[in-house]
Amino acid sequence: GAPFLSVRDLYVRFATEDGIVKAVDGLSFDLERGKTLGIVGESGSGKSVTNLAVLGLHNPRNTTITGEITLDGQELTGAPKRTLEKLRGNKMAMIFQDSLTALSPYYTVGRQIAEPFRKHTGASKKEARDRAIEMLRRVGIPQPQTRVDDYPHQFSGGMRQRAMIALALVCDPELLIADEPTTALDVTVQAQILDLLKDLQQETGTSIIFITHDLGVVADVCDDVLVMYAGRCVERGTVREILGKPHHPYAWGLLSSIPRLTASVDVPLQPIKGSPPSLLNPPSGCPFHPRCAFRDEVPGNRCVEERPLLTIENGRGSACHLTAEQKQSIFAERIQPM
Ligand code: SF4
Ligand code: MG
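Residues numbered from 1 in each chain as written. Chains lettered and ligands numbered in written order. Predicted model: local features only at pLDDT ≥ 70, side-chain atom pairs only at ≥ 80, totals over all residues.

Colleague: Help me out: how do you make sense of the UniProt feature "domain: ABC transporter" (unreviewed entry) in the protein in this one?
Modeller: UniProt records the feature "domain: ABC transporter" (unreviewed entry) for residues 5-255 in the present numbering. Strand forms 27% of residues 5-255 and helix 41%; the C-alpha atoms that close the span are 28 Å apart. (UniProt positions renumbered as here; feature names shortened; annotations may be inferred. Helix = DSSP H or I, 4+ residues; strand = E, 2+ residues; numbered from the N terminus.)

Colleague: I keep staring at the sheet that holds strand 5 (residues 74-75) and nothing clicks. Help me out?
Modeller: Sheet strands pair by backbone hydrogen bonding; their relative direction is either parallel or antiparallel. Sheet architecture is open: four strands sit in the order 2-1-4-5, paired in antiparallel fashion. Edge positions in the open sheet fall to strand 2 (19-31) and strand 5, since each of these has one partner strand only. By the bridge criterion, eight bridges tie strand 1 (residues 5-16) to strand 4 (residues 63-71) in an arrangement that is antiparallel. Bridge assignment links V7 to a residue of strand 4, and that residue is I69. (Pairing = 2+ DSSP bridges.)

Colleague: Explanation requested: the domain arrangement of the protein in the structure shown.
Modeller: It is common to give the size of an interface as the accessible area lost on bringing the parts into contact. We note that the domain assignment places domain 1 (5-91 + 173-335) and domain 2 (101-172) within the protein. Taken together, the contacts link 12 residues of domain 1 with 13 residues of domain 2. Residue contributions to the side of domain 1 that touches domain 2 peak at five residues, all from helix 8 (residues 187-204). Residue composition of the side of domain 1 that touches domain 2, grouped by class: nine nonpolar, three polar and no charged. (Domains from an automatic or database assignment. Contact = placed C-beta atoms within 7 Å. Nonpolar A, V, L, I, M, F, W, Y, C, P; charged D, E, K, R; others polar.)

Colleague: I'm lost on the packing of helix 7 (residues 157-169) against helix 8 in this one. Help?
Modeller: In a packed pair of helices, the relevant descriptors are the angle between the two axes and the axis-to-axis distance. Running from N to C, helix 7 and helix 8 point in directions that differ by 20°, and their axes come no closer than 10 Å. Classified by the interaxial angle, the pair formed by helix 7 and helix 8 is roughly parallel. You can see that helix 7 and helix 8 cross each other, and the crossing is right-handed. Between helix 7 and helix 8, the residues in contact are G158, Q161, R162, I165 and L169 and V189, I193, L196 and L200, respectively. In terms of residue class, the contact of helix 7 with helix 8 is built from six nonpolar, two polar and one charged. (Axes fitted to C-alpha atoms, helices over the stretch in contact; angles between N-to-C directions. Parallel < 35°, antiparallel > 145°, perpendicular 65-115°, else oblique. Left-handed = near helix turned anticlockwise from the far one by under 90°.)

Colleague: Honestly, unusual backbone geometry in this entry has me stumped. Any pointers?
Modeller: Negative phi values dominate among residues other than glycine, just as trans dominates among peptide bonds. In the Ramachandran plot, D9 falls in the positive-phi region, its phi being about 45° despite a non-glycine side chain. Positionally, D9 belongs in strand 1. In the Ramachandran plot, D72 falls in the positive-phi region, its phi being about 50° despite a non-glycine side chain. On the secondary structure map, D72 appears in the loop between strand 4 and strand 5. According to the C-beta neighbour criterion, D72 is partly exposed, with 16 such atoms within 10 Å. (Buried ≥ 20, exposed ≤ 12 C-beta atoms within 10 Å, placed from the backbone.)

Colleague: What is the right way to look at the pairing of strand 1 in this model?
Modeller: The pairing of strand 1 with strand 2 spans 10 bridges and is classified as antiparallel. Looking at strand 2, one finds that V12 is bridged to V24. Here strand 1 folds back onto strand 2, and the loop between the two strands holds two residues.

Colleague: It is not clear to me how the nonpolar core should be interpreted in this structure. Could you clarify?
Modeller: Soluble globular proteins tend to bury their nonpolar side chains together. Within the largest apolar cluster, 93 residues are counted, with the highest numbers of intra-cluster contacts made by I113, L136, A163, A166, A168, I209 and V227. Looking at this core element by element, the count peaks at eight residues for helix 7. Counting contributing residues, this core receives three or more from each of domain 1 (5-91 + 173-335) and domain 2 (101-172). (Core = buried A, V, L, I, M, F, W, Y, C linked by C-beta atoms within 7 Å.)

Colleague: Quick question: what am I supposed to make of helix 1 (residues 47-55) here?
Modeller: What sets the pattern is the α-helix's 3.6 residues per turn: residues three or four places apart point alike. Looking only at helix 1, the buried set comprises K47, V49, T50, L52, A53 and V54. G56 sits one or two positions beyond helix 1 and adopts a positive phi of about 70°.

Colleague: What exactly am I supposed to notice about the confidence of the model for the protein here?
Modeller: As a note on interpretation, predicted positions should not be read in detail where pLDDT is low. In the predicted model, the protein carries a mean pLDDT of 90, and the fraction of residues at 70 or more is 95%. The lowest-confidence element of the protein is helix 3 (residues 99-102), averaging 80 in pLDDT; the highest-confidence one is helix 12 (residues 302-305), averaging 98. Between residues 259-269, whose pLDDT stays under 50, and residues either more than four places distant or in other chains, the model counts 28 contacts. Scored by ipTM, the complex comes to 0.94, with pTM at 0.91. (pLDDT = per-residue confidence, 0-100.)

What follows is the structure, given as structure tokens:
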């Protein structure tokens, strides 16, 4: 059947004083029900923008979106604001790096969790409060019946992150978008939060998009991975494929310093020589060519002149002019021995 979430030929452009920023440049991907898709890339690669577009949270005044986003058969691109508002917090929800973005300092944690539940289900005040307590208990807040009336500042950072997860999950969303949700936390709390998300996913079957620059997190929680560069998908595959035997030179760069498949949660993404391209004026051909150490392996000037297409077979593919044999031998001889 059709995938639960499908994104087709997504383009997101912002008008700025300096010109048009091509933040997402022809992106397509699917997410199956109950699966976790990691979206990996440097900042400015279009990861967050893509997901704001899915949620309908972009600013319509300066943003142009084309393409097709379908959630459970429902078309989201061009859907009325009210439709998207109804879906957000209910069928789809999000958690962020900074819980203070999601939680208001002016209301108690319990009220903030209860409110969307009332709004989307029509539950009574008492029922919604009970639900809030139940959610706080599920995310591991001790003595939730006494903490429900606390304000966010009375919670520790890790507890606030848990409360934000409780808020995101209070209406049993079918799609959860997590944008760097553990980046600000220390390693122990980070591991606890990741375990919590995995447990909750097992219980509820929620599909998750996990945006991160941390390959350790990817190894820990994701089923499939999409690697983004300059607003495009440059590689996609299962977590084993991408971490074990990536095909794209950019992914090689990301991986070059971590022990393969033994990554723990504290392995940060390695910076790659050079800087991410300007999206006002993206490089011609392959957007990675100014930083790529392998472009001379491709005959002619193809890397500079011709955009490599992404062809996906059985969920696996990469956008690079190197031949399959070249990718194999370069990886085996020059990348893996590290
Ligand atoms: Fe490098 Fe060329 Fe492949 Fe781009 S297409 S990643 S420049 S080898
Ligand atoms: Mg971001």
